[in-house]
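Observations on the three-dimensional arrangement
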Amino acid sequence: MELPTTAVLTLDQLAPWSSPGPALAVLGHPIKHSISPAMHNAALADLARRDPAYSAWKYFRFDVPPEQLASALPRLHAAGFHGLNLTVPHKILALDLVEEIDPAALRIGAVNTLKRTATGWRGYNTDGYGLACALQSELGIPLVGAHVILLGAGGAARGAAVECLRQGCASLWIGNRTRANLDALLTLLRPLAGATPVHGFDPASPPAGLPANAVLINATSAGLKPDDPTPIDLRLLPAGLKVFDMIYNPPQTPLLRTATALGLPSANGLAMLVHQGARSLEIWTGQSAPVGIMQAAAKYALGNH
Ligand code: NDP
């Protein structure tokens, strides 16, 4: 039986699994709000216009609770899946479950893309790439030489911080609500920082030494819910700030609304989602991804939520 790419699937629907061609999927919990299937199936349809071999490729979504991930990965491999995306809460858990890990993903300590090998899965992390592309395309910021003020110390902040250091940012200032989580991130980054200054701070009282003309990256989840507080008071930060919020749903967070009111250039996380997805598709297919089509499909899917 062929299953629809729009449904939320569970592992029980794997047996008997039949897909007319190579299958891809995103695994998460919850997963029903994911717009990745819409974005990737639009991209695959475009690849198929250039090469009919891609007309059989399909991208699905599976609701997989964390305690099922260890059994899900071998089952999806046995069912013939070619590639997977992992989202909350699987990105760190999967590190111990894959056979090979790309060195960049190992530095971050999280994987969001798995590619099939003969005997298992190879893990990659495309979030940092997605962030760097989005900063360039939406705000005209190259990470090399940038002063970065990063908010958050969770998985997304970890990927962002490693990418900033890898690309040669001029300085990195990390603010997080919970000091212990901030300290854990600073400890992880220390061996990667080289000569780049890396500082931690309390976002409730930003220090005087924060740089002017910086990019502020919100990698906290504050803003996902309508009654969330803003993660920092933008009026306390030095001049010349540009603001990037990783959150894309809702498209306007309180942080972004404040940035607009203060006349600061700003962008939400949709382009990051699109570029990390484009890189995943390139890893799976070896083809360059139709980024514009993926962006349009993602925007359309968000509009339908
Ligand atoms: P985690 O749960 O790993 O980390 C959450 C972070 O947010 C922690 O630093 C936490 O601080 C902080 N936080 C949570 N609530 C608040 C609050 N009310 N006020 C201040 N800080 C808060 O999540 P992830 O790192 O995986 O994801 C973070 C965000 O990035 C999410 O919104 C996610 O949707 C987005 N994201 C977007 C992507 C994209 O492609 N656009 C890709 C990946 C993530 P504390 O340590 O104090 O608990």
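Computed from a predicted model, the values in this text were never measured in an experiment. (Residues numbered from 1 in each chain as written. Predicted model: local features only at pLDDT ≥ 70, side-chain atom pairs only at ≥ 80, totals over all residues. Heavy atoms only, no water.)

1. Considering the side chain of asparagine 112
Positionally, asparagine 112 belongs in the loop between α3 (103–108) and β6 (113–116). Polar contacts involving the side chain of asparagine 112 include one to the main-chain amide nitrogen of threonine 126, which spans 2.9 Å. (Helix = DSSP H or I, 4+ residues; strand = E, 2+ residues; numbered from the N terminus. Polar contact = N/O pair within 3.5 Å; in protein donor to acceptor, adjacent residues only side chain to side chain.)

2. Section: the domain arrangement of the protein
Looking at the protein, the domain boundaries give domain 1 (8–125 + 273–303) and domain 2 (128–268). Distance between the C-alpha centres of domain 1 and domain 2: 27 Å. Facing the 11 residues of domain 1 at the interface are 14 residues of domain 2. For the pair domain 1 and domain 2, the two sides together bury roughly 1,100 Å², of which 65% comes from carbon and sulfur. By the criterion of area lost to domain 2, the three top residues of domain 1 are Arg107, Ile108 and His275, representing 49% of everything that side buries. For the interface between domain 1 and domain 2, the tally reads two residue pairs in polar contact (both at pLDDT 80 or more). Where the side of domain 1 that touches domain 2 is concerned, the elements lending two or more residues are α3 and α8 (270–285). At four residues, α8 tops the list of elements feeding residues into the side of domain 1 that touches domain 2. (Domains from an automatic or database assignment. Contact = heavy atoms within 4.5 Å. Buried area = accessible area lost by both parts, 1.4 Å probe.)

3. What to know about the state of the cysteines
Going through the model one piece at a time under the given rule, you end up with zero disulfides. For cysteine 133, which is in no disulfide, the shortest distance to another cysteine sulfur is to cysteine 164 and amounts to 13 Å. The thiol of cysteine 169 is not disulfide-bonded; the next cysteine sulfur, from cysteine 164, is found 5.2 Å away. (Disulfide = S-S within 2.5 Å.)

4. Side note on the sheet that holds strand β1 (residues 8–9)
Taken together, the seven strands give an open sheet; going across it, the order is β1-β3-β2-β4-β6-β7-β5, and neighbouring strands pair in mixed fashion. Only two strands of the sheet have a single neighbouring strand rather than two, namely β1 and β5 (100–101). Across the sheet, helix α1 (residues 36–50) touches β2 (23–28), β3 (58–63) and β4 (83–86), and the angle it forms with β3 is around 165 degrees. Contacts between α8 and the sheet are confined to β2, β3, β4, β6 and β7 (121–124), with β6 contributing the most and set at about 10 degrees to the helix. (Pairing = 2+ DSSP bridges. Axes fitted to C-alpha atoms, helices over the stretch in contact; angles between N-to-C directions.)

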